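# Survey of secondary and tertiary structure
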Amino acid sequence: MNATWSDRWQAEIERRLGEGVELEFTLGQFAQAVEAADADGALQAFLDGLVSASIALRRDVYRCPMGPCARVLPAGMANTVCPFCLADYQQEGVAPEVEPGYRLLGESSRDIRWVIVIHGMNSRAKWQEAFSWEIANRLSYSAPVLIYKYGWATIDVFARWLHERLARRLGERMRIAIEQAQKSRLPTRPDIIAHSFGTLLLSRVLESPEFADLKFGRIITAASIVRPDFDWDRLIEQGRVEAVLNHVGGRDRAVPWAQYAIPGAGPGGTVGYLAASALNVRADHYGHSGFFIPENLGVAISRHGVWQAFLTRPLAHFRPQGAFVPGPHWRPAPLLLRLGTRALAYGVFWVLAPFSWLRRRLDP
Amino acid sequence: MGTDPLSKLQLKELVRRVIVAQGNAFIKELLRGTTARIGASKEDFAANLDAAIDAGELTQEKLEAWLAEVEGWGDQHLYLIEPPQIEPAALAAGIAGSVHAGVLNASASLDFPQALELKHIALTDAGLSLLWHQGKAGWNRFKAKDFSLDEGLEHYRFDAYRQRLDRSVVRFEWRYADAYCLVLIHRNPEIDHKAVFADVRLSLAAIGCPDAALQPIPLNQAVKVAASKGKGVHSTRFELDGGYVEMASTLADGGIDAVEPVRVVLQAVDTGQFDRAQGMLHFAAEEHGTSRRIAVQVYGREGRLRIWAQCKREDVLRIVELLWEYNGAP
């Protein structure tokens, strides 16, 4: 077997497994895809090797022997009559042609059916509209995007009771959206993209018994201020969340400070999530909002970009550039220090609250 | 035809006829119930079944029970129709007073006449079952017997055909607990379904059911719901008077769900906008509880299924139950 050919065949197998596409094929179809001859014994030996290595299954595929039809017959048939050209094989004195068929043992790709996007603090989050527009243009199908806005939050983030109020509103909005999706025959599990303070609100919804009935698809947190030890493993195991990707900015200067001012926050967006089932990916040159700069956003949601790939590909083979596993020994900053700085922040909240309230009235 | 026991010779004759028509997997299953060897070819099966009959291991009772499970079930057409407007309790008297009283609980018939003929009625507390037989002859191309002949300056070619005798079975099944009845018709393309419907109607009227045309129950919604569930749908066609959309997987195993570009097109179709739907669905053992993988074409408007695999009674009933569930879903 020529090494260059087999490398090419192997690359094609890896592509298919990685993207979760074209997992089922006949020898002839694969030969055509890799520009080899149908009767190439080496190719068949290569594919049979995949079967021996439990990477693929082999089963005979039957093809209608009638010249003008020649279609692959579906499994689960008696193979006495062609369901397409209706030729009766006994009557015609012919038998279906047999050829080797293979199925790679991997998951199929998935689709982005609908998405909820949640912004961060101190922002109008124009990226949400840009995301909605870009995703609508880049996907070859329609995927509704629920742009969730909770207003321009500034000092509000210093008060836990305000978090809870915002999280409850978010959960209620999610529930309504899920009910509407169900009526539209969309899946009941939306995918979610959340940024910064939006990630903390999302984590509160996930932890709230009031919203324990809500289930989600794949979640992307960008510049997360969720604690690194947040129990994503439990949520995934319980089926509340399908998978989570934590996109970390290598130059994020805001996330490390969140735990000192925002109750319940942590540096998930710099340290990474400790949960074994979470996928942490670092973009070295991104700052706190670098993910949403139009050119970066465009790359992330392009066909082979990290976000679209995470949302659509089987995860067993998903190894994006920048993936890392955080060290296991993360500890929050000393409690006394955090309590002190948070008390200070809470004080600032009360001093500025009337102005914030007025500002929200004038410019929500 | 009564309930007279068949002689061993008659049993062997029945077995030979059945072997021609039945799938090997099912005959093997029958042989496994005996201590006889199984074998690999139809000839082996015939010899081994004869031996089992001679040894008294394969009795008429066993054979009839097996036939009731497999003959006339699978690789056929199936219609879902509205049940007759009659109280089930009145059926016993209706049958007893009819010309068909003699076939009530009759033993397996060897007779496959040219015209459709009612051969068996089974009446229980749970349901009514009627069974018709028809012998349909056909011709199979048989190239091994082709020959050519030169006579003088002329050259002749003779293409050989071997006669095939189909044991065509038609069934009417009514389980009182279900909101539908089934009419199952052998796959032979020479059987006129309208004529079968007329015969079924006549027989039902004869046993006391109101004389009314059989009304197929449309299954458009079943196809639409199956398509929205995704898995197991191999092809779909949604129609309205002004046009149609059609999608299909050309894979042997995987359905539309396994072909991303086709799958996303299906997701974009608002099936509610279409009046009619048909599709090829696959029912798999692990997912749907059937004994094997079974491909079924559903013609929604006609209320008709074309079951493409040989299977057993319980498989057919399971498939119909699933489709009925889909048909009633929003």
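Residues numbered from 1 in each chain as written. Chains lettered and ligands numbered in written order. Predicted model: local features only at pLDDT ≥ 70, side-chain atom pairs only at ≥ 80, totals over all residues. Heavy atoms only, no water.

### Observations regarding the sheet that holds strand β2 (residues 117-123) of chain B
All names here are of chain B. Applied cut-off: For two strands to pair, DSSP has to find at least two bridges joining them. For the purposes of this entry, the term helix denotes a DSSP run of H or I that reaches at least four residues, the term strand denotes a run of E that reaches at least two, and both are numbered from the N terminus. All axes here are fitted lines through C-alpha atoms, helices being fitted over the stretch that makes contact, and every angle between N-to-C directions spans 0 to 180 degrees. The contact criterion used is simple: two residues touch if any of their non-hydrogen atoms lie within 4.5 Å.
In spatial order, the strands read β2-β3-β6-β7-β1-β12-β11-β10-β8-β9; together these 10 strands make up an open sheet with antiparallel pairing. The sheet is open, and its two edges are formed by β2 and β9 (243-248), each paired on a single side. The average undirected angle you get between the axes of adjacent strands in this sheet is 15°. Here strand β10 (residues 276-283) runs beside strand β11 (residues 294-299); their pairing, made up of 6 bridges, is antiparallel. From the neighbouring strand, His-282 faces β11, where its bridge partner is Ala-295. Relative to the sheet, helix α8 (residues 260-268) contacts β8 (233-240) and β9, its axis offset from that of β9 by approximately 145°.

### A few points about the pairing of β11(B)
Side-chain positions along a regular strand alternate between the two faces of the sheet. Keep this limit in mind: Type-normalised accessible area, obtained with a 1.4 Å probe on protein chains alone, sets the label of each residue: buried when under 20%, exposed when over 50%, and partly exposed for intermediate values.
Across the 6 residues of β11(B), 6 count as buried, placing the element largely inside the fold. Residues of β11(B) alternate between two faces, with B:Ile294, B:Val296 and B:Val298 on one and B:Ala295, B:Gln297 and B:Tyr299 on the opposite face, all of them buried.

### Topic: a nonpolar patch on the surface
Note the cut-off: Patch criteria: residues need more than 30% relative accessible area and no salt bridge. Like-charged residues are merged within 9 Å; nonpolar side chains of Val, Leu, Ile, Met, Phe, Trp and Tyr are merged within 5 Å. The Shrake-Rupley method, run with a 1.4 Å probe, gives the accessible areas here. Residue values count only the displayed protein chains as cover. Throughout this description, the term salt bridge denotes a Lys or Arg side-chain nitrogen within 4 Å of a carboxyl oxygen of Asp or Glu.
A contiguous nonpolar surface patch, about 380 Å² in accessible area, is contributed by A:Val348, A:Val351, A:Leu352 and A:Phe355. Tracing the backbone shows A:Val351 in helix α13 (residues 335-362).

### Overview of unusual backbone geometry
Positive phi outside glycine occurs at A:Ser54, with the angle close to 60°. Relative to the elements of secondary structure, A:Ser54 occurs in the loop between α3 (41-52) and β2 (56-63).

### As for the packing of helix α7 (residues 220-229) of chain B against helix α10 (residues 313-328) of chain B
All names here are of chain B. Inclusion rule: Throughout this description, any angle smaller than 35 degrees is read as roughly parallel, any larger than 145 degrees as roughly antiparallel, any in the 65 to 115 degree range as roughly perpendicular, and the remainder as oblique. Following the grouping adopted for this structure description, the nonpolar residues are Ala, Val, Leu, Ile, Met, Phe, Trp, Tyr, Cys and Pro, the charged ones are Asp, Glu, Lys and Arg, and the polar ones are all others, Gly among them.
At a closest axis distance of 7 Å, the pairing of α7 and α10 adopts a crossing angle of 90°. Classed by the angle they form, the pair α7 and α10 counts as roughly perpendicular. Where α7 abuts α10, its residues Asn-220, Gln-221, Ala-222, Val-225, Ala-226 and Lys-229 lie against Leu-323, Tyr-326 and Asn-327. Of the residues belonging to the contact of α7 with α10, the class tally is 5 nonpolar, 3 polar and 1 charged.

### Considerations on the sheet that holds strand β7 (residues 216-222) of chain A
Strands belonging to one sheet form pairs held by backbone hydrogen bonds; the direction of such a pair is parallel or antiparallel. Residues and elements named next belong to chain A. On the basis of which strands lie adjacent, the open sheet formed by 7 strands has the order β5-β4-β6-β7-β8-β9-β10 and mixed pairing. Each edge of the open sheet is held by one strand with a lone partner, namely β5 (145-148) and β10 (323-324). Two elements, strand β8 (residues 241-249) and strand β9 (residues 279-283), share 5 bridges in a ladder whose sense is parallel. Bridging from a neighbouring strand, Val-248 pairs with Arg-282 of β9. Packed on one face of the sheet, helix α7 (residues 197-207) meets β4 (115-118), β6 (191-195), β7 and β8 and runs near 130° to β6.

### Quick word on the environment of A:Ile118
All names here are of chain A. For Ile-118, the position within the fold is in strand β4. Overall, the relative accessible area of 0% leaves Ile-118 in the buried class. Along the sequence, Ile-118 and Thr-199 sit 81 residues apart, while their C-alpha atoms lie 7.6 Å from each other. Leave out the neighbours within four places in its chain, and Ile-118 touches Trp-127, Gln-128, Tyr-148, Tyr-150, Leu-170, Met-174, Ile-192, Ile-193, Ala-194, His-195, Gly-198 and Leu-202.

### Quick look at the domain arrangement of chain A
Residues and elements named next belong to chain A. Defined as follows: The domain boundaries here were taken from an automatic or database domain assignment. Reported buried area values correspond to the accessible surface (1.4 Å probe) lost by two parts on association, with both partners' losses combined. Residues adjacent in sequence count toward polar contacts only when both atoms are side-chain atoms; beyond that, a polar contact is any pair of N or O atoms within 3.5 Å, and within protein one must be able to donate a hydrogen and the other to accept it.
Domain boundaries in chain A define domain 1 (3-104) and domain 2 (115-356). Here the C-alpha centre of domain 2 lies 44 Å away from the C-alpha centre of domain 1. Across the contact, 4 residues belong to domain 1 and 5 residues belong to domain 2. Of the roughly 400 Å² buried between domain 1 and domain 2 on both sides combined, carbon and sulfur atoms contribute 58%. A per-residue breakdown of the area domain 1 buries against domain 2 is headed by Leu-17, Gly-18 and Glu-19, which together make up 90% of the total. Inspection of the region where domain 1 meets domain 2 yields 0 salt bridges. Run the count over domain 1 and domain 2 and you get 0 residue pairs in polar contact (both at pLDDT 80 or more). Looking at the side of domain 1 that touches domain 2 residue by residue, the class counts come to 1 nonpolar, 2 polar and 1 charged.

### Brief notes about the pairing of strand β5 (residues 154-158) of chain B
All names here are of chain B. Relative to β5, strand β4 (residues 147-151) runs antiparallel, the two sharing 5 bridges. Of the residues in β5, the one forming a bridge with Asp-150 is His-155. Two successive antiparallel strands, β4 and β5, enclose a turn made up of 2 residues, where Gly-152 displays a positive phi of approximately 65°.

### Topic: the interface of chain B and chain A
Opposite the 34 residues of chain B that make contact, chain A presents 31 residues. Together chain B and chain A conceal approximately 2500 Å² of surface at their shared face, both sides included; 47% is due to carbon and sulfur atoms. By the criterion of area lost to chain A, the three top residues of chain B are B:Ala252, B:Glu260 and B:Trp308, representing 23% of everything that side buries. One can count 3 salt bridges joining chain B with chain A. A:Asp111 is paired through a salt bridge with B:Arg263; the nearest N and O atoms lie 2.6 Å apart.

### Things to note about α3(A)
Residues and elements named next belong to chain A. Put simply, the rule is: One less than the number of residues in a helix, times 1.5 Å, gives the span that helix is expected to have. Taken from the helix axis, the directions to the C-beta atoms give the arc we talk about.
Here α3 spans 16 Å end to end across 12 residues, near enough to the 16 Å set by a 1.5 Å rise per residue. Looking only at α3, the buried set comprises Leu-43, Phe-46, Leu-47 and Leu-50. Buried residues of α3, viewed axially, fall in a sector of 90°; they line one side. Downstream of α3 by one or two residues, Ser-54 has phi in the positive range, about 60°.

### Here we look at the nonpolar core
The line we're drawing: Only buried Ala, Val, Leu, Ile, Met, Phe, Trp, Tyr and Cys residues count toward a nonpolar core, and they belong to the same one when joined by side-chain atoms within 4.5 Å.
Grouped together as the largest cluster of nonpolar side chains are 75 residues, with contacts concentrated most on A:Ile118, A:Phe131, A:Met174 and A:Trp307. For this core, the leading source of residues is helix α6 (residues 160-183) of chain A, giving 7 residues. The residues contacting A:Phe131, other than those within four sequence positions of it, are A:Val115, A:Val117, A:Val145, A:Ile193, A:Leu297, A:Ile301 and A:Trp307. Judged by nonpolar contacts, the second largest core, of 38 residues, contains B:Ala227, B:Phe238, B:Ala309 and B:Ile319.

### Some words on the packing of aromatic side chains
Defined as follows: Aromatic pairs are defined between Phe, Tyr and Trp rings, using the six-membered ring for Trp, whenever the two ring centres lie within 6.5 Å; interplanar angles under 30 degrees are classed as stacked, those over 60 as edge-to-face, and all others as tilted. Whether a charge lies above a ring is judged from NZ of Lys or CZ of Arg, which has to be within 6 Å of the ring centre and within 35 degrees of the ring normal.
All told, the structure shown has 16 aromatic pairs over all chains when counted by the stated rule. Relative to A:Tyr260, the ring of A:Trp257 has its centre 5.8 Å away and its plane inclined at 50°; by these criteria the two rings are tilted. Placement of the pair is A:Trp257 and A:Tyr260 together in helix α9 (residues 255-261), with a separation of 3 residues, close to one helical turn. Under the relative-accessibility criterion, A:Trp257 is labelled exposed at 61%. An aromatic cluster is built from A:Tyr286, A:Phe291, A:Phe292 and A:Trp307, whose rings are joined through pairwise contacts. Between the NZ or CZ atom of A:Arg218 and the centre of the ring of A:Phe310, over which it lies, the distance is 5.9 Å. The ring of B:Trp308 has B:Arg306 sitting right over it, with the charged end atom 4.0 Å from the ring centre.

### Details of empty space enclosed by the protein
All names here are of chain B. We count it as follows: Cavity and pocket criteria rest on a 1 Å grid covering protein atoms alone: a 1.4 Å probe that fits but cannot get out defines a cavity, protein on both sides within 12 Å along at least 5 of 7 lines defines an open pocket, and an atom within 4 Å of a point defines a lining residue. Grid points are joined across faces, edges and corners, and a volume is the space filled by probe spheres set on the points.
Per the stated rule, a full pass over the model turns up 1 cavity of 30 Å³ or more. Within this model, the largest cavity holds a volume of roughly 40 Å³. Looking at the lining of the largest cavity, the element that brings in the most residues is strand β6 (residues 161-175), giving 3 residues. For the lining of the largest cavity, the per-class residue count stands at 4 nonpolar, no polar and 3 charged.

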